[in-house]
Amino acid sequence: MRYIVMDLEWNQPLSSRSAVYRRLGNQLMFEVIQIGAVMLDEGLRMIGSFNQFIAPAHYRSLHPRISRITGISQEDLEDAPEFSEALSRFASWCGDDFVLTTWGCDDISVLHQNIAFFMKGQPIPPVYDLQRQFGDITGDTKNRAGLKSAMKALG
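Let me sum up the structure you'll find in this document. Since the model is a prediction, treat every value here as computed from it, not as a measurement.

### Examining the overall build of the protein chain
Along the protein chain, the regular secondary structure elements total seven helices and five strands. Listed N to C, the secondary structure of the protein chain is β-α-β-β-α-α-α-β-α-β-α-α in terms of helices and strands. Dimensions of the protein chain, computed from the C-alpha atoms along their principal axes, are close to 45 × 35 × 30 Å. A sequence separation of at least 24 residues applies to 70% of the contacts in the protein chain between residues at least 6 apart. Here the protein chain contributes 15 positive and 18 negative side-chain charges, whose respective centroids are spaced 9 Å apart.

### Things to note about the pairing of strand S2 (residues 31-40)
Within a regular strand, the side chains alternate between the two sheet faces. Where burial is concerned, most of S2 is hidden: nine out of the 10 residues are buried. Here S2 runs beside strand S3 (residues 46-53); their pairing, made up of seven bridges, is antiparallel. Pairing of Ala37 across the sheet is with Phe50, part of S3. Hairpin connection from S2 to S3: five residues lie between these consecutive antiparallel strands, with Leu44 at a positive phi of about 65°.

### Description of helix H6 (residues 130-138)
Every buried residue belonging to H6 is among Gln131, Phe134 and Gly135, and all of these are buried. Axial view of H6: buried residues confined to an arc of 100°, hence all on one face. Set apart from the buried face of H6 by more than 90 degrees, the exposed residues are Arg132 and Ile137. Elements that come into contact with the buried residues of H6 comprise strand S4 (98-102), strand S5 (127-129) and helix H7 (147-153). Downstream of H6 by one or two residues, Gly139 has phi in the positive range, about 85°.

Basis of the calculations
- Residues numbered from 1 in each chain as written.
- Predicted model: local features only at pLDDT ≥ 70, side-chain atom pairs only at ≥ 80, totals over all residues.
- Heavy atoms only, no water.
- Helix = DSSP H or I, 4+ residues; strand = E, 2+ residues; numbered from the N terminus.
- Contact = heavy atoms within 4.5 Å.
- Lys, Arg positive; Asp, Glu negative; His and termini not counted.
- Charge placed at Lys NZ, Arg CZ, Asp CG, Glu CD.
- Buried < 20%, exposed > 50% of the residue type's maximum accessible area, 1.4 Å probe, protein only.
- Pairing = 2+ DSSP bridges.
- Arc of directions from axis to C-beta.

And the structure:
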C-alpha cells in the first residue's frame, strides 16, 4: 500500500461577469492547472513525486492573483496537456494499490468538479482529507489546523 499526498492548483475566471464564467460557472468554478503529489511507502518514507502543469481549456488567461500565490506563469501552461491527459498520467503514476489524500477539502471538491466536467462518467476515486483527520485525532473539529502547525504538533 502506498499513500499519495496530492496538492492541486487551479485557475479562476478574471471576473464573475466574464462570458465564460456566466456560461460555465455553475459547472466549473475553478479549472485545475497543476497536480503535484508525493508518494509514500508503508513506513511513510517518500518514494516518488509527481508534478504536472495542465493547460486550461476555458479560463485560459491566468488570474494575476493565482499567478502571484502559486508562482505559476502563463508560459508554464502553454505546452501542458489538457486535464484528461494530465489526470491519466497522474493515475498511471499512482498505480493500483494506493490511498489518495490531500490537506483540506478544497482540493477534493475542485478535483471532483473537474473530473465531472471534463471526464463525464469517469469514476471518481475516494480522496481523504488529512486536515479533517488531524482535527478528529486532536479533538479540535471546529478549527481547521494549518499544515505547518500540524507538522509542528506531530514533531
